[in-house]
Protein chains: 2
Amino acid sequence: MPVRSADQIIHKAAWLYYTHGLRQDEVAKHLDISRASVAMYLRRAREIGIVTISTSTELFSDDVLARETEDALGLETVWIIPEDRQAFNPSVEMPVVAAAAFIELINKGDRVGVAWGRTVYHIADVMPYADLQGVAVVQLCGNLGAPYSYRPDQCTTEIARRLNAEGINLYAPLVLSSERLAEELRREPVIREQLLAITDCQLALYSVGGIEDDSHLVKCGAITAAEMHALGQAGAAGVIAGQLIDVDGQWLDCAHNRRCISADLDSIRKIPKRMLVVQEDSKYEPLVAAIKGGFASHLMVTASMAKRLLKRAKGAGLKQA
Amino acid sequence: MPVRSADQIIHKAAWLYYTHGLRQDEVAKHLDISRASVAMYLRRAREIGIVTISTSTELFSDDVLARETEDALGLETVWIIPEDRQAFNPSVEMPVVAAAAFIELINKGDRVGVAWGRTVYHIADVMPYADLQGVAVVQLCGNLGAPYSYRPDQCTTEIARRLNAEGINLYAPLVLSSERLAEELRREPVIREQLLAITDCQLALYSVGGIEDDSHLVKCGAITAAEMHALGQAGAAGVIAGQLIDVDGQWLDCAHNRRCISADLDSIRKIPKRMLVVQEDSKYEPLVAAIKGGFASHLMVTASMAKRLLKRAKGAGLKQA
DNA sequence: CACGTGATCTGACAAAAGTCAAATAGCGGA
DNA sequence: TCCGCTATTTGACTTTTGTCAGATCACGTG
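Our subject in this report is the structure included herewith. (Residues numbered from 1 in each chain as written. Chains lettered and ligands numbered in written order. Predicted model: local features only at pLDDT ≥ 70, side-chain atom pairs only at ≥ 80, totals over all residues. Heavy atoms only, no water.)

So, on to a negative patch on the surface. Side chains of A:Glu212, A:Asp213, A:Asp214 and A:Glu285 sit close together on the surface and give a patch of like negative charge. Along the chain, the position of A:Asp213 falls in the loop between strand S6 (203-206) and helix H10 (216-219). (Patch = residues over 30% accessible without salt bridge, like charges linked within 9 Å, V, L, I, M, F, W, Y side chains within 5 Å. Areas by Shrake-Rupley, 256 points an atom, 1.4 Å probe, with all protein chains shown as cover. Salt bridge = Lys/Arg side-chain N within 4 Å of Asp/Glu carboxyl O. Lys, Arg positive; Asp, Glu negative; His and termini not counted. Charge placed at Lys NZ, Arg CZ, Asp CG, Glu CD. Helix = DSSP H or I, 4+ residues; strand = E, 2+ residues; numbered from the N terminus.)

Right, let's get into the pattern of salt bridges. In total, this model carries 33 salt bridges over all chains according to the counting rule given. With a closest N to O distance of 3.0 Å, B:Glu70 and B:Arg67 form a salt bridge. Taken together, the residues span about one helical turn, with B:Glu70 and B:Arg67 both in helix H4 (residues 61-73) at a distance of 3 residues. With respect to class, B:Glu70 is no different from B:Arg67; both count as buried. The shortest N-O distance in the salt bridge between B:Arg258 and B:Glu179 comes to 2.8 Å. With B:Arg258 in helix H12 (residues 255-258) and B:Glu179 in helix H8 (residues 179-187), this residue pair connects regions lying 79 residues apart in the sequence. The exposure class of B:Glu179 is partly exposed, given its relative accessible area of 35%. Overlapping salt bridges, with partners in common, bring together A:Asp125, A:Glu158, A:Arg161 and A:Arg162 in one network. (Buried < 20%, exposed > 50% of the residue type's maximum accessible area, 1.4 Å probe, protein only.)

Moving on: unusual backbone geometry. Residues and elements named next belong to chain B. Positive phi is not limited to glycine here, since Asp32 has a value of about 60 degrees. Checked against the element boundaries, Asp32 lands in the loop between helix H2 (24-31) and helix H3 (35-48). Classification of Asp32 by relative accessible area gives exposed; the value is 66%. The backbone of Asn164 shows a phi angle near 55 degrees, a positive value even though the residue is not glycine. Along the polypeptide, Asn164 turns up in the loop between helix H7 (152-163) and strand S5 (166-168).

Another aspect to go through is the sheet that holds strand S9 (residues 273-277) of chain A. All names here are of chain A. Strand order in the open sheet made by the 7 strands is S2-S10-S9-S6-S3-S4-S5, with parallel pairing throughout. Unpaired on one side and paired on the other, strand S2 (77-81) and strand S5 (166-168) mark the two borders of the sheet. Averaged over all neighbouring strand pairs, the angle between strand axes comes to 20 degrees, with direction disregarded. With 4 bridges connecting them, S6 and S9 associate as parallel partners. Each bridged residue has a counterpart across the sheet, and for Ala204 the counterpart in S9 is Arg274. Contacts from helix H6 (residues 118-125) reach strand S3 (111-114), S6 and S9, with the element oriented near 110 degrees to S6. (Pairing = 2+ DSSP bridges. Axes fitted to C-alpha atoms, helices over the stretch in contact; angles between N-to-C directions. Contact = heavy atoms within 4.5 Å.)

Our focus in this paragraph is the sheet that holds strand S10 (residues 298-302) of chain B. All names here are of chain B. Strand order across the open sheet formed by 7 strands is S2-S10-S9-S6-S3-S4-S5, with parallel pairing between neighbours. The open sheet has two free edges, formed respectively by strand S2 (77-81) and S5, since each of these has just one partner strand. Averaged over all pairs of adjacent strands, the angle between their axes in this sheet comes to 20 degrees, without regard to strand direction.

Turning to the interface of chain B and chain A, a few remarks are in order. If you look at the interface, chain B gives 35 residues, while chain A gives 35 residues. Across the chain B/chain A interface, buried area totals approximately 3,300 Å², and carbon plus sulfur atoms make up 59% of it. Our enumeration of links across chain B and chain A arrives at 2 salt bridges. A salt bridge links B:Lys12 to A:Glu70; the nearest nitrogen and oxygen atoms lie 3.4 Å apart. Between the two partners, chain B and chain A, sit 12 residue pairs in polar contact (both at pLDDT 80 or more). If you list the elements that add at least two residues to the side of chain B that touches chain A, you get helix H1 (5-19), strand S1 (51-53), H4, S2 and helix H5 (90-105) of chain B. (Buried area = accessible area lost by both parts, 1.4 Å probe. Polar contact = N/O pair within 3.5 Å; in protein donor to acceptor, adjacent residues only side chain to side chain.)

The structure is reproduced here in structure tokens:
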């Protein structure tokens, strides 16, 4: 066997086939071997990794990153928001792209759940108008007076309005002053039904909250900064639909969560398409927790965030359970 | 049509198909579209150029260069000798690789022509031993006493010996003192037959000579340095099988050529596989002439030479006629 | 609101690619 | 030099893919 002749012929066959677009029998004729051999060489070429989806051109680098992140994290779809590009601000563009992607995920007759947060509201704010009759937009978490102009029910209502869909609000506060009251309210038929109906959603849209002092729950007055600190000590890692989750994405057994009226985390996990949109790169830890907890099947993040996730996944093996 | 969703689905389909190796119907199921659409997206992906032969990994960069050079110059096979790699000296390695590649080109019962020169001798010197009975190694050009230890007949003989093949020497001088004598000798039946038989060769091996003062013809005393200078002025660009060619690779009408006993250039051009091996990067112009003249179907050069050829071909369009 | 436009789906057929058992060739060791 | 081993190659067969015409659908327009 002469020097590299084995690789040589494999590479040449792959070149003629993939770059020149010849048929296998043409390649065979060209190299004076049988077509079956060409098929074999091509299989090897693929195994070796000679043939790849274009990564060389800058054009597709984000797409490749998206695909790799999907594979590494076991997600169905990942959207990457480029950031290096000048005049391209994730905090402005991401909601627009997210809204478009979100609409794409909706099928006729679907029931879609919408949680709450700055990100979700921003998405609602740029949601294109569409005619999705027969679609129902349901509120995933209880209400809460907000220091800014977006309350959970407003998100739901606004999205439903824009999509010309039915809006189904949850007529309950997000947090109650006592566990007992929360428990009782949850048992109320109206509320109970609505919470149960969440399992029927085909699609959910939410972000994940942080547990810093400037977190949404703190700003809205649902939790004091001091309490949040304590919760962080107790293992809280992020917020999903108003509820705290630990580093593994599991429901955190704490006073706040017990006093919460919101979608049961397991109900959310059962929703087939769970679209998680994260704008801020600072939400890395909450995001990791959310992914671990299985709260994302569809994820939209910045390129740098995706790279961090990918790096971590490759190193340790962060897969959703 | 949402932001980039068109490209998005094309890229994803290509990813699942090419990287994950899913079948088209599996991809279709995954993306919830018809198989026909998958086929369409994949076609577009190929058209756009999403699928490529790996160029990212250093591993194959030389192979890619080889394929590109083949394409640009219309050659059948190009071998690249890497040079950047440390402890890899083209002048040492190339003959070894050339010898191996040369043997690969020989088929049972073939008649192979061998010309003469430092390069060819070096190849002969490292030619592996093989048992190629039924193969004939024929000498392409007349003999010439050499200042070093390699004469044309020695090249032929040595290669034939190593390959255990039949050696057919050309019993004539390369250059005669008069055109008349050369003409008469060419008409001699023995010589004539042998020269005609060159057309029957399936394979030829040679290098291309330069026209500098240190060129082989000058060193061997066939041409004086002064004559060579004049020939250069007259349009000589290189030497093939002892004969001068112009910049277009055409036979140069000059005294030397007319006094030469060697393979007719057209006979050489008719040989299906013409393996041209060039070690020195300084032979760029002669090489270009040789390629233009159609003297190469198989070419072995250094990476830097290939790059120069490629650059030129891309710019101007240097294709063999 | 009918219309045209462009994209996608369906189903079916032809073409190409994948696969496998058996034949063959190359290669090292006895 | 012969033998047996392994890896490659072949030819025949099955599966997958490419492609087409017509139907359908979404969407923007006059």
